[in-house]
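Fold and geometry: a report
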Amino acid sequence: MKKILIISFLTATLIGCEDVIEVDLPSSEPRLIIDAYLNLFTQEIPVRLEGGVRLTLSEDYFEDEVPIIENATVFITNLGTGIEYPLNYTGADGWYRPENSTDFLDFATDYELTVIYENETYKGTTQIQPVAPINEVRQGTRTLFDGDEIEVIVSFNDDGTRDNYYFYEFGFDEFQPIEDQFFQGSEIVFSTFFEPEDVSVGDTITVKGYGITKQYYTYIELILEQTGDGGGPFQSLPATTRGNIINTNNFDNYPLGYFSISEADEEKLTIQEL
Amino acid sequence: MRVLYIFFTSLLFLMNTSLFAQQNYTLSGTISEASSNETLIGVTVAIPELSTGVVTNEYGFFSISVPQGTYEIQISALGFQGITRTITLDKKQKLDFQLKEEAEQLDEVVVTENVEKTNIRKPQMSVNALSSASIKKIPVVLGEADVVKSILLLPGVTSAGEGASGFNVRGGAVDQNLILLDEAIIFNSSHLFGFFSVFNPDAIKDVKLYKGGIPARYGGRVSSVLDIYQKEGNSKQFKMNGGIGIVASRLLLEGPIEKDRGAFLVGGRASYAHLFLALADNNNSAYFYDLNAKLNYKLNDNNNLYLSGYFGRDLFAISESFENVYGNTVANFRWNHLFSDKLFSNLSLIYSDYYYGLELDLLGFQWDSGIRNFNLKYDFKHYLSSNFQLNYGINNIYYRFNPGEIEPNREDSGIVPQKLTNKYANEFGAYMEAEHKLTDKLTLQYGLRWSHFSRLGQDEFNVYENENPVLFNSDFQIYEGATPVRVDNISRSETLSTFNNFEPRLGLSYLVNENSSIKASYNHMAQYLHLLSNTASPTPLDVWTPSGPYTQPQLLDQYALGYFRNFQDGDYSLETEVFYKEIENRIDYIDGADLIANNDIEQVILNGEARAYGLELLLRKNNGRLKGWLAYTLSKSEQRTPGRTSEESGINNGVWYNTPFDKTHDISLNGSYELNEKWSFNSNFLFQTGQPTNYPVGQYEQRGLVVPIFGPRNQERLPAYHRLDISVTLTPRKNKNRKLQAEWTFGIYNLYNRRNAAAVNFRENADTGNNEALRTSIFGIVPSITYNFKF
């Protein structure tokens with residue numbers, strides 16, 4: 001909801017103009033980045049797993065690439081049973097993946113991620129979060145600003161027995177975190193808009209929904225706010241967002257990134273001429 | 001309590017000494033403008049023989065008591081012909097005076113209206129006055145005269161830039177300004193995100209900005225007081241004036257209800273729906289309108305009644321999917337009563353509210369929020385002797401805060417109606433202040449205000465373990481909201497917490513010689529309301545919240561010292577001041593605080609502190625064809641929020657950081673030149689150090705997104721802000737002998753088309769995949785034309 005509210009101010013800045021300028025930026029020491037998420041599509045047989053653990057380093061802002069890490073030790077421990085599940089390097093782009101998707105489906109336990117890199121051990125803990133299955137993904141006819149965006153309407157039924165936090169992914173680096181504060185127990189219907197240069201008639205888009213923790217919801221909202229085009233003068237004071245992973249050896253050399261396990265669901269939709 | 005006691009006993013002592021001094025007679029009356037009966041504020045009534053005098057108050061009243069004798073009385077005011085009269089005072093006398101505007105009488109425009117001439121005798125310092133005439137002369141964007149834009153040209157006043165609401169005084173935040181319109185509190189002074197202010201320039205009579213040494217009669221905000229009085233209406237003849245501009249037009253009607261006794265005034269302004277051409281090609285619109293209505297009636301010589309109302313709305317819509325409405329409503333009843341020729345009183349009953357509404361069709365909801373208050377004020381001005389004036393009064397404000405209410409706007413909406421919890425509070429103030437001329441050279445102004453704030457009971461009040469709503473997570477070195485252990489419903493007749501503050505105010509002026517003086521002041525003030533805003537620029541959506549169990553009131557201590565000098569008979573004046581101020585309990589937001597629609601706001605704020613200091617310089621040329629001023633401010637404004645215990649890091653590691661309104665250098669140059677009766681020229685130049693901001697110190701990747709890394713807060717600055725504006729006013733000669741008086745104003749804002757940055761944001765370019773810095777600027781060069789008329 002926040003994002004939508006901010007549109008009003010974004011638009012206020014549309015009356016001005018934007019241009020790219022040269023700015024000298026300070027540097028900072030590189031940090032370990034742990035981008036760890038396991039998305040488990042439980043409605044499929046066998047259960048499909050997407051994601052894994054991606055290890056990189058931070059870099060100066062105007063550099064084109066970030067360094068990847070290929071030589072770390074990575075495993076996830078089920079703290080209920082004490083069993084360790086190793087994640088092996090895939091050989092590409094810093095990704096480490098587990099062997100079995102079914103090892104992470106225990107909703108009653110804590111899972112602990114361990115990353116050992118350059119003799120320092122990084123740890124983070126999470127629980128798998130349930131998702132509400134998507135009821136429907138359909139095409140709408142409304143537009144947003146320019147009048148030529150493509151509307152996609154998504155609906156699902158919120159679980160009224162608990163506070164839920166959801167995270168939706170639409171492709172094209174478009175995400176939407178959703179909390180059920182204003183929708184407790186009812187059907188949540190929301191729209192997302194695709195730019196015509198990204199999506200055209202005949203393309204198939206994939207909508208993925210994930211269950212996430214409240215803490216991750218707060219975290220990802222901030223990440224999205226900082227990666228967007230920015231709210232112009234109405235952007236809130238940015239701060240580096242700490243995730244849920246610590247360095248157990250050297251407290252100040254903390255990593256950035258987050259460890260989450262989500263139950264997931266997806267629906268596809270082929271865009272038609274309306 | 002002891003302080004209060006000593007204060008009042010010493011006041012009584014002073015009153016006694018002055019009362020028993022000598023047999024005095026009182027001259028009192030009201031001063032008004034000859035053609036309209038509009039009362040005049042700040043007119044000097046001087047008795048040179050005794051080197052004493054008074055100025056008229058906000059309702060045009062004056063009273064002066066002097067020993068029996070025959071005196072020459074001089075009455076002088078800004079832009080008016082003075083009156084000199086010899087009066088024999090052997091009994092008390094009531095005399096009303098009427099002043100004529102200077103320009104109306106003279107063939108040649110000899111400009112001697114020293115509108116804002118420095119008053120070196122009064123202990124009141126850190127105050128700037130602007131007349132409606134000078135506000136109208138200042139060239140502004142889109143040609144619309146504007147109070148807030150005008151005060152930005154004064155030393156110590158800045159804004160977050162184009163398109164930002166409000167203004168900052170001496171490094172203070174926007175919510176620390178007390179904005180009074182005919183004694184009513186205005187919560188948002190901006191139209192259209194700050195492009196206009198809510199004050200109709202045609203209706204304005206008097207504007208005063210207090211930046212320091214704030215008198216005890218004002219309370220509730222810690223940075224400044226912007227005290228605006230509007231015209232009451234012409235009780236002699238019907239008059240109409242207005243203006244037609246490119247973006248907005250205005251019309252003001254005034255006239256008698258009963259000749260010389262009662263008058264009405266109705267004014268309206270509206271901007272055109274498709275204000276911004278860039279948005280005009282699809283169904284988007286952005287416009288505002290406001291309406292002023294006033295009535296006044298003189299019951300008899302001792303009683304005047306005033307009724308006034310203000311209603312303003314902004315509307316902002318994007319096609320059919322989004323609609324946003326906000327604005328102020330004020331209704332105000334005032335009763336002036338003279339208990340005696342020495343005791344003037346004003347009773348005000350004021351209702352005001354600020355509304356913010358949002359309708360978002362995409363998600364199917366309507367959102368309403370606002371703040372509403374009932375305000376009762378009873379103020380007395382007691383003119384005890386020519387050397388001693390006492391003001392005292394009480395003020396009670398009852399507040400209702402509605403942080404937000406959401407409901408579905410159509411049947412198929414999945415929105416569950418919900419209400420963020422209303423909050424209630426009551427603020428009471430009582431004050432007494434004295435202006436006391438001790439010797440010919442030394443004048444003191446001292447006072448005390450007692451403020452009492454009660455946060456009243458509400459539904460859904462969160463109770464936390466150890467009364468601590470914000471926890472520190474030492475693993476991740478971040479602050480997090482605590483989970484309430486209990487949620488209570490507390491009756492509104494109960495009190496959640498109360499605060500008491502004694503706020504001493506002190507000012508003195510010492511006359512070094514006839515042309516120069518030294519002034520010093522100290523003020524302690526409390527502010528119980530906070531505007532929740534963690535964006536670089538304030539927005540209309542920001543919500544006010546009262547102090548309470550989890551939020552302490554802001555407490556200010558400010559010291560100022562100044563040197564004031566008039567040169568060449570007041571043709572030039574120089575005002576220099578240094579100030580230092582500290583604010584306790586300035587709220588700060590934990591990293592990543594989400595303030596929008598947050599029902600548990602206490603979970604994201606901590607009490608910190610702020611400080612600001614600086615030097616201000618104002619050099620004016622008051623007379624002649626060429627007039628104007630140069631203002632320069634060198635200042636620093638910082639805040640910090642240290643950890644509450646040694647384990648906590650505090651916000652920004654507990655170290656001082658620049659507030660978003662820290663502008664090291666602030667220069668403004670304003671000049672006006674009257675070539676002849678037909679042509680006059682005006683120009684402004686502004687320069688400000690860039691606003692503190694945050695630039696990324698690194699980047700990383702997360703879920704395929706490029707995420708910037710930020711260092712400590714507000715370490716970088718936007719590029720410096722500067723621009724030059726000019727305007728030319730053409731008053732056709734044929735005006736002279738006809739009823740319709742007209743003029744044309746042609747203006748160019750930002751003459752050299754500087755692209756001043758309102759913000760610099762960083763993003764990944766969608767096409768190249770490279771990161772880039774993106775500058776947002778609002779106004780480039782903007783020409784304007786306005787036609788003003790009156791008859």
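Small disclaimer: the values here were computed from a predicted structure and weren't measured. (Residues numbered from 1 in each chain as written. Chains lettered and ligands numbered in written order. Predicted model: local features only at pLDDT ≥ 70, side-chain atom pairs only at ≥ 80, totals over all residues. Heavy atoms only, no water.)

**Points about the overall build of chain A**
On a plain count of helices and strands, chain A comes out with 2 helices and 17 strands. Per-residue burial over chain A gives 55% buried out of 274 residues. For chain A, restricting intrachain contacts to residue pairs at least 6 apart in sequence, the fraction spanning at least 24 positions comes to 65%. Carbon together with sulfur atoms contributes 45% to the accessible area of chain A, which is approximately 11700 Å² in total. (Helix = DSSP H or I, 4+ residues; strand = E, 2+ residues; numbered from the N terminus. Buried < 20%, exposed > 50% of the residue type's maximum accessible area, 1.4 Å probe, protein only. Contact = heavy atoms within 4.5 Å. Areas by Shrake-Rupley, 256 points an atom, 1.4 Å probe, with all protein chains shown as cover.)

**A few points about the side chain of D666 of chain B**
Residue and element names in this part refer to chain B. Examined against the element boundaries, D666 turns out to sit in strand β43 (residues 665-674). Comment: no salt bridge for buried D666; closest opposite-charge side chain is K663, at 7.7 Å. Here D666 is in contact with L154, G156, V157, T158, A631, Y632, T633, F687 and Q688, once residues within four sequence places are set aside. (Lys, Arg positive; Asp, Glu negative; His and termini not counted. Salt bridge = Lys/Arg side-chain N within 4 Å of Asp/Glu carboxyl O.)

**Quick word on the environment of P26 of chain A**
For P26 of chain A, the position within the fold is in the loop between β1 (17-21) and β2 (32-41). Residue class for P26 of chain A comes out partly exposed when judged on its relative accessible area of 29%. With 35 residues separating them in the primary sequence, P26 of chain A and Y61 of chain A have C-alpha atoms 8.8 Å apart. If near-sequence neighbours (up to four positions away) are discounted, P26 of chain A is found in contact with P696, V697 and E716 of chain B.

**Here's the deal with unusual backbone geometry**
The bulk of non-glycine residues show a negative phi, and the bulk of peptide bonds are trans. Residue and element names in this part refer to chain A. Cis geometry marks the peptide bond from I45 to P46, where omega comes out at -5 degrees. Looking at the element boundaries, P46 is found in the loop between β2 and β3 (48-57). Not every positive phi belongs to a glycine, and E118 is a case in point at roughly 50 degrees. Looking at the secondary structure, you find E118 in the loop between β7 (111-117) and β8 (120-126). Since its relative accessible area comes to 62%, E118 is described here as exposed. The phi angle at F172 is positive, at roughly 55 degrees, despite the residue not being glycine. By the element assignment, F172 lies in the loop between β12 (165-171) and β13 (174-179).

**Points about helix α2 (residues 214-227) of chain A**
All names here are of chain A. With 14 residues, α2 should reach 20 Å at 1.5 Å per residue; the first-to-last C-alpha distance of 20 Å fits that figure. Among the 14 residues in α2, 11 count as buried, and that is most of the element. Within α2, the full set of buried residues consists of Y216, Y217, Y219, I220, E221, L222, I223, L224, E225, Q226 and T227. (Expected span 1.5 Å × (residues − 1).)

**Comments concerning the pairing of strand β1 (residues 24-33) of chain B**
All names here are of chain B. Within β1, 9 of the 10 residues are buried, leaving the element largely enclosed by the surrounding structure. When β1 meets strand β4 (residues 61-67), the two strands line up antiparallel, connected through 7 bridges. Bridge assignment links T26 to a residue of β4, and that residue is S65. Examined bridge by bridge, β1 and strand β7 (residues 93-94) share 2 bridges and lie parallel to one another. Along β7, the bridge assignment pairs S28 with K94. (Pairing = 2+ DSSP bridges.)

**Points about the packing of aromatic side chains**
All names here are of chain A. Across all of its chains, the model carries 49 aromatic pairs over all chains by this definition. Consider the rings of F156 and Y168, whose centres lie 5.5 Å apart with planes at 20 degrees: the pair is stacked. Residue F156 is found in strand β11 (residues 150-157), and its partner Y168 is found in strand β12; the two are separated by 12 residues along the sequence. Note on accessibility: F156 and Y168 belong to one class, buried. (Phe/Tyr/Trp six-rings, centres within 6.5 Å; stacked < 30°, edge-to-face > 60°.)

**Looking at the sheet that holds strand β52 (residues 771-777) of chain B**
Here we have 3 strands laid out as an open sheet, ordered β1(A)-β52(B)-β51(B), and antiparallel in their pairing. If you trace the sheet from one side to the other, it starts and ends with β1 of chain A together with β51 (757-764) of chain B, each paired once. When strand polarity is set aside, the average angle formed by the axes of neighbouring strands in this sheet is 30 degrees. Relative to β52 of chain B, β1 of chain A runs antiparallel, the two sharing 5 bridges. Across the sheet, D19 of chain A pairs through a bridge with R775 of chain B, a residue of β52 of chain B. (Axes fitted to C-alpha atoms, helices over the stretch in contact; angles between N-to-C directions.)

**Digging into the environment of Y287 of chain B**
Residues and elements named next belong to chain B. By the element assignment, Y287 lies in strand β21 (residues 285-300). Y287 gets classed as partly exposed once you look at its relative accessible area, which sits at 25%. Placed 224 residues apart in sequence, Y287 and S63 show a C-alpha to C-alpha distance of 46 Å.

**What about the confidence of the model for chain A?**
Residue and element names in this part refer to chain A. Taken over all residues, the pLDDT of chain A has a mean of 87, while the share at 70 or more is 89%. When mean pLDDT is compared element by element in chain A, β7 scores highest at 97, while helix α1 (residues 2-14) scores lowest at 39. Here residues 1-14 is modelled with pLDDT under 50, and outside its nearest four sequence neighbours on either side it reaches 41 contacts, counting other chains as well. (pLDDT = per-residue confidence, 0-100.)

**Focus on the nonpolar core**
If you look at the biggest cluster of nonpolar residues, it comprises 75 residues, and the most contacted ones within it are V154 and Y168 of chain A together with W367 and Y399 of chain B. If near-sequence neighbours (up to four positions away) are discounted, V154 of chain A is found in contact with I134, E136, V137, Y168, F170, I188, V189, F190 and V207 of chain A. (Core = buried A, V, L, I, M, F, W, Y, C linked by side-chain atoms within 4.5 Å.)

**Notes on a negative patch on the surface**
Taken together, D148, D173, E174, E195, E197 and D198 of chain A together with E764 and D767 of chain B make up a surface patch of like negative charges. Structurally, E764 of chain B can be placed in strand β51. (Patch = residues over 30% accessible without salt bridge, like charges linked within 9 Å, V, L, I, M, F, W, Y side chains within 5 Å. Charge placed at Lys NZ, Arg CZ, Asp CG, Glu CD.)

**Side note on the pattern of salt bridges**
Under the counting rule described, the total for this entry stands at 39 salt bridges over all chains. For D19 of chain A, the salt bridge is made with R755 of chain B, and the minimal N-O distance between the two is 3.0 Å. Within this pair, whereas D19 of chain A is found in strand β1, its partner R755 of chain B is found in the loop between β50 (741-749) and β51, the two belonging to separate chains. Exposure remark for R755 of chain B: the relative accessible area of 29% places this residue in the partly exposed category.

**Examining the confidence of the model for chain B**
Residue and element names in this part refer to chain B. With 91% of its residues at a pLDDT of at least 70, chain B reaches an overall mean of 86. Low confidence marks residues 1-5, where pLDDT is under 50. Its contacts with residues over four positions away, or in another chain, come to 3 contacts. Here residues 12-20 is a poorly scored stretch, pLDDT under 50, and it has 9 contacts once near neighbours within four places are set aside; other chains count. The ipTM value of the predicted complex is 0.90, and its pTM value is 0.87.

**Re the sheet that holds strand β17 (residues 224-230) of chain B**
Strand pairing in a sheet relies on backbone hydrogen bonds. The paired strands run either parallel or antiparallel. One open sheet accounts for 5 strands, arranged β9-β16-β17-β12-β13 (chain B); its pairing is mixed. Looking along the sheet, the strands with just one partner apiece sit at the ends: β9 (127-131) and β13 (184-185) of chain B.

**Here we look at the side chain of T192 of chain A**
Inspection of the secondary structure assignment puts T192 of chain A in strand β14 (residues 187-194). Discounting residues that sit within four places of it in the chain, T192 of chain A has contacts with I150, E151, V152 and F170 of chain A.

**Section: the environment of D290 of chain B**
Residue and element names in this part refer to chain B. You can see D290 is positioned in strand β21. A relative accessible area of 1% means that D290 is categorised as buried. Here the alpha-carbon distance between D290 and I518, two residues 228 residues apart in the chain, equals 43 Å. Each residue touching D290, except ones within four places of it in the same chain, is listed here: H191, V198, G267, G268, R269, Y310, F311 and G312. In this structure the side chain of D290 is engaged in a polar contact, spanning 2.9 Å, whose partner is the side chain of R269. Reaching out from D290, the side chain makes a polar contact with the side chain of Y310 at a distance of 3.3 Å. (Polar contact = N/O pair within 3.5 Å; in protein donor to acceptor, adjacent residues only side chain to side chain.)

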